[in-house]
Amino acid sequence: MLLYNLRLAWKSVRRYPVLSALILLGIALGVGVSTTFITAYHVLARDPVPGKSESLYYVRMNSWGAADDPFLRTRTPPPLITWRDALELLKSRIPVRGTATFGARLTVFPPGGASPLRQRGRLVTTDFFPMFAAPFRYGGPWSREADAQGATVTVISSALNDRLFGGADSVGRTIRVEKAELRIVGVLAPWRPRVRAYAPLSDPLAAPEALFLPLALTASMEMRPAEMQMDWRNPAPGEEKLPYASRLMINEVLFMELWAELPDAAAVRAYKSFLNAYVAEQKKLGRFPHPADVRVTSLLDLLDEWKVVPPQTKALAAISLLFLVVAALNLIGLFLGKFLARASTVGVRRALGASRWMIFAQHLVECELMGLAGGCLGVLLSLAGLAVLNRVYGDGPDGVPFFQLDLPMLLAAVALSLLAGAIAGLYPAWRICAIPPARHLKSQ
Amino acid sequence: MEFGPIFRSLLRNRARVILIVAEVALTLAIVANCLGLILDTRAKLARPSGFDDEHLIAIYSNPFDDRLRDPKLLNQLVDQDRRALAAVAGVRAVSETGLRPWESSGSRTSVRVPGTHDEPVPTQAAQADPGLFDALGLPIVQGRDFTEAEYDHGADAPADEVQPVVVSRALADQLYPSGDAIGKAIAIADESERFTIVGIVDRFYNPFGEASEKIMLSPGRSAGFDFGAHYLVRTQGNPGPLLPQLEKALLSVDKGRLVRLRTVIEDRDEYHGRDRLLVASLDAVMALLVLVTALGIVGLTSFSVAERQRQIGTRRALGADRLAIVRHFLLENWMVTSFGVVLGVLLAYGLNFGIVTWVAGAKLSPATVATGALALWAIGLGASLGPALRGSRVPPAIATRNV
Amino acid sequence: MPMLKMDDVSKIYRTGLVETRALRDFSLEVDEGEFVTITGPSGSGKTTFLNVSGLLDAFEQGKYWLDGMDVSRLSDREMSRVRNEKIGFIFQGFNLLPDLDVFDNVDVPLRYRRLPARERKARIEKAIAMVGLSSRLRHLPSQLSGGQQQRVAIARVLAGDPKLILADEPTGNLDSAMAREIMEILEQVNEAGTTIIMVTHNPEHAARAHRQLHIADGRLVDFERITPFPLNRVERLEPASRQVAG
């Protein structure tokens with residue numbers, strides 16, 4: 001019967017080609033537009049570190065010292081912490097993993113004397129890689145000992161590895177970065193998280209950095225932060241003459257992101273009281289003059305608080321869903337007209353023994369056929385739409401497009417088109433099957 | 001006119017009426033909100049920086065040669081660079097400055113009138129050489145420019161020395177509302193540094209943080225080994241073709257560095273990229289939506305005309321002329337559309353409330369809603385015109401036809 | 001056992017405040033194998049009677065047995081099944097499905113009966129052969145003359161092998177030659193044992209039936225039994241030679 005109904009649907013499509021094309025176009029536009037913008041939203045809003053984000057926490061506290069504290073007005077602590085606090089807090093054993101990190105600009109000297117490259121780099125501790133699920137192609141993270149000793153090692157991105165070594169396994173080779181010779185211990189696989197979850201403050205939608213270096217190299221390599229930094233303290237006379245390492249320890253520049261992996265609520269509580277104790281201790285030393293405002297914020301809450309997903313994306317997704325509703329309303333009208341124009345043939349079929357349900361099924365099959373066909377066309381439209389979006393958001397350096405139609409979204413698009421077909425078809429199919437069979441038999 | 005009979009006949013075709021009303025109302029709600037977003041974003045996109053963007057080039061010079069870690073050598077290099085850049089044919093002005101037009105980066109601070117406890121005013125801050133104002137095409141409308149001596153001295157000046165600054169009109173007016181800011185004092189909010197306002201520039205706009213119209217420019221060198229030097233070059237003509245020559249000029253001064261050149265237009269386009277995309281997306285959604293709705297109205301009206309061929313024939317037989325038939329259908333559609341438009345205005349405000357509350361955005365202006373309502377009205381009438389004309393061509397004889 | 005038995009059936013149409021009794025306490029018995037014609041002025045209730053007896057329309061009061069089965073209060077599904085298996089309709093306007101060819105049109109009721117493909121094919125070809133249109137299997141209705149279209153409609157009925165045929169002015173849209181042809185086919189089908197009830201305006205056609213009924217104001221007014229036709233008065237049908245040009 002399904003096959004017969006499909007054949008009837010096909011005949012009906014051929015009988016009303018213009019109307020059918022309009023219906024198809026309507027579904028395709030509705031599904032295409034909504035799939036495009038819902039995908040954009042879905043890509044930006046989905047969990048950036050699946051399976052881990054529940055246990056990743058960001059640490060903030062108010063170490064601002066000046067009389068004018070801009071953060072008292074906003075009622076939030078500063079978004080970043082100082083070097084000395086980060087180093088001290090990293091020593092806590094309450095988190096199962098922890099990392100403190102900042103972004104830097106690095107000059108990389110390719111082996112063989114080609115002209116140097118300016119690259120974005122990030123100083124991290126080894127826990128960074130498992131915490132943010134960085135995928136490795138060759139090698140792996142450096143050891144905790146390397147972190148402790150400030151070993152001259154590095155992990156590079158797949159794009160940089162392609163550029164410097166033609167994509168070959170470069171683990172064990174050495175590259176010069178700034179003044180230091182660094183041994184490559186790991187090469188990442190192509191990695192393009194939609195949100196740079198570990199540094200959501202500055203350009204969160206940018207691609208990950210090209211190089212990762214042990215945080216302990218900061219002092220010896222005199223690494224300067226290249227992303228946001230805040231300062232309220234004027235250096236004392238002669239302070240500039242001190243070695244960089246000492247200056248790091250006495251300045252109050254806020255430039256570090258501190259992340260802790262806390263497995264459960266008990267650990268969060270324990271860590272919070274540890275932080276409060278730390279602040280209390282620092283207050284005794286004359287730091288932290290403002291009310292202690294220690295925040296331990298989960299990754300997802302932080303992304304929410306900092307509005308990392310552009311709010312317009314959400315508005316567009318909502319508007320595009322409404323678009324689908326209008327398209328479906330439109331289809332109701334078109335289907336209704338198409339079906340009612342055929343009311344007499346339905347009368348004949350009823351007279352010949354088709355039950356109401358059979359007529360209903362016949363028409364619903366037609367709607368779903370149009371829904372599916374329109375949906376396929378809509379998916380093609382949305383691929384084109386996403387290609388346009390990608391031209392602006394930019395493909396990652398690893399060649400991974402920013403917005404991709406993944407399998408869940410593809411299934412959602414198919415479901416959406418079936419749903420549109422059903423929603424648009426239910427009422428007209430019901431109307432047509434509810435017509436008393438005798439009404440249209442007399443005159444044609 | 002025949003309002004009564006048409007209204008009663010509409011009541012008997014409820015499905016069709018509800019469909020058109022819902023479609024028109026939803027479309028109006030969406031279109032009005034899209035329009036609001038588009039107008040807001042367009043206004044943001046159209047906002048001029050007050051600089052000669054079209055003729056500006058931003059240059060980054062990042063030294064890697066350890067020789068250049070010596071600040072004295074670096075300063076010499078900067079002066080040589082400025083001269084070399086200025087000597088390239090087609091260059092109108094050159095400046096070494098930390099100010100980065102359209103890059104959403106720079107430095108910020110809070111200032112206030114010294115000795116008061118006014119709320120600190122957030123402002124952008126940058127160091128510059130005296131060439132900056134000529135390079136930006138940003139005239140000093142009151143007061144004076146920096147001197148070369150102030151620039152040389154600026155970076156090394158002790159913190160307790162009062163420095164001259166040029167500020168934007170927006171900052172000057174906020175600190176000194178009576179308009180007599182020249183010669184007045186200004187201080188970092190914690191009063192660790194003090195300045196004297198020596199000049200004022202008009203029309204400053206550089207989107208960065210919360211203070212896009214406020215800037216405090218002080219004389220001084222901002223180049224260093226770690227962050228390199230940043231130059232702005234203003235050209236006489238199209239800046240694009242000059243890029244290779246400028247790069248060559250810099251590298252001929254010293255090769256121990258990386259040089260990156262970009263036109264400011266490129267930076268501006270990049271800054272506007274996502275907003276432009278938003279506008280384009282909204283434009284597309286709006287156009288397609290209106291198309292879909294118009295098609296829907298055409299379809300529904302066509303069906304209603306087809307369904308009532310006999311009725312039309314009867315009317316014609318009873319003496320209605322073609323115009324009367326067209327008028328009948330237009331009137332009917334006008335009533336339905338009007339109903340949808342009224343409902344749509346309410347929905348538009350409802351949707352806007354939702355967007356403002358849960359997403360972000362500005363409140364709808366009545367003018368926008370009115371524009372959308374008028375447009376939908378016109379579309380509703382326009383879309384029903386075709387089917388109505390077709391209806392008017394139904395021959396009266398159809399009334400007497402039996403089969 | 002009568003093929004059709006109605007006891008005091010009433011059918012009321014309501015439009016707004018006006019109530020129209022289309023059938024009033026209508027009672028009728030039609031025996032198996034009978035050929036009954038119904039005449040009456042327009043609006044008298046002829047079509048309502050056909051709709052009710054064909055289970056196309058529900059009725060308010062009374063009882064109705066079809067082929068010994070009480071069909072007074074059936075669900076839509078049950079009614080559809082009875083229509084499909086026991087009743088065949090022939091209409092004045094033919095009511096062929098315009099986008100289906102001859103073969104597919106005849107196929108429609110068999111589809112709803114969910115017969116296997118082979119049996120459907122056999123029945124369709126046999127029925128079309130009986131009305132002499134075997135050479136036009138793949139023609140669309142619009143490519144056929146009115147008489148041919150009505151023959152397709154009859155083939156559609158025959159393929160379903162119904163017990164009762166309800167014909168609503170089957171010759172009303174045809175010229176007299178074609179009309180005669182259709183009447184001859186119907187009589188032949190009746191010969192084979194199928195009960196036929198036919199509404200007609202044509203007194204000549206009405207007179208050819210076993211029994212003539214007259215309806216006025218929703219009631220039977222005449223109840224005159226006439227003798228059945230002797231067999232030899234029916235002309236034999238030669239399907240192959242009966243094609244009408246055009």
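Structure: above.
Quick look at the structure, then. In this text the structure is predicted, and so the values were computed from the model without any measurement.

### Digging into the sheet that holds strand 1 (residues 56–63) of chain B
All names here are of chain B.
Step number 1: Strand order in the open sheet made by the 4 strands is 2-10-1-11, with antiparallel pairing throughout. Edge strands, defined here as strands with exactly one partner in the open sheet, are strand 2 (91–96) and strand 11 (257–263). Shown here is a sheet whose adjacent strand axes are inclined to one another by a mean of 20°, direction ignored.
Step number 2: Here strand 1 pairs with strand 10 (residues 229–235) via 6 bridges, running antiparallel. Within strand 10, the residue paired with Ala-58 across the bridge is Leu-232.
Step number 3: Where helix 3 (residues 71–87) meets the sheet, it contacts strand 1, strand 2 and strand 10, and its direction lies at approximately 165° from that of strand 2.
Step number 4: Sheet contacts for helix 8 (residues 264–307): strand 1 and strand 11; angle to strand 11, the most-contacted strand, approximately 70°.

### A few points about helix 1 (residues 2–15) of chain A
Residues and elements named next belong to chain A.
Step number 1: Given a rise of 1.5 Å per residue, 14 residues ought to cover 20 Å, and the 20 Å separating the end C-alpha atoms of helix 1 matches this to within 8%.
Step number 2: Those residues of helix 1 lying buried are Leu-8, Ala-9 and Ser-12. Down the axis of helix 1, the sector holding all buried residues measures 100°, keeping them to one side. Away from its buried face by more than 90 degrees, helix 1 exposes Leu-3 and Arg-14.

### Side note on the nonpolar core
Step number 1: Residues Ala-327 and Leu-331 of chain A, Leu-28 of chain B together with Ala-155 of chain C are the most contacted members of the largest nonpolar core, which totals 230 residues.
Step number 2: If near-sequence neighbours (up to four positions away) are discounted, Leu-28 of chain B is found in contact with Val-341, Gly-344, Val-345, Ala-348, Gly-372, Ala-373 and Leu-376 of chain B.
Step number 3: Counting residues in hydrophobic clusters, the runner-up holds 53 residues, among them Val-111, Ala-125, Ile-188 and Val-264 of chain B.

### Focus: the interface of chain B and chain A
Step number 1: The partner chain A presents 40 residues to the 40 residues of chain B that form the contact.
Step number 2: Counting residues per element, the ones that place at least two in the side of chain B that touches chain A are helix 2 (14–46), helix 8 and helix 10 (322–359) of chain B.
Step number 3: Considering each element in turn, the side of chain B that touches chain A owes the most residues, 16 residues, to helix 8 of chain B.

Thresholds applied
Residues numbered from 1 in each chain as written. Chains lettered and ligands numbered in written order. Predicted model: local features only at pLDDT ≥ 70, side-chain atom pairs only at ≥ 80, totals over all residues. Pairing = 2+ DSSP bridges. Helix = DSSP H or I, 4+ residues; strand = E, 2+ residues; numbered from the N terminus. Axes fitted to C-alpha atoms, helices over the stretch in contact; angles between N-to-C directions. Contact = placed C-beta atoms within 7 Å. Expected span 1.5 Å × (residues − 1). Buried ≥ 20, exposed ≤ 12 C-beta atoms within 10 Å, placed from the backbone. Arc of directions from axis to C-beta. Core = buried A, V, L, I, M, F, W, Y, C linked by C-beta atoms within 7 Å.

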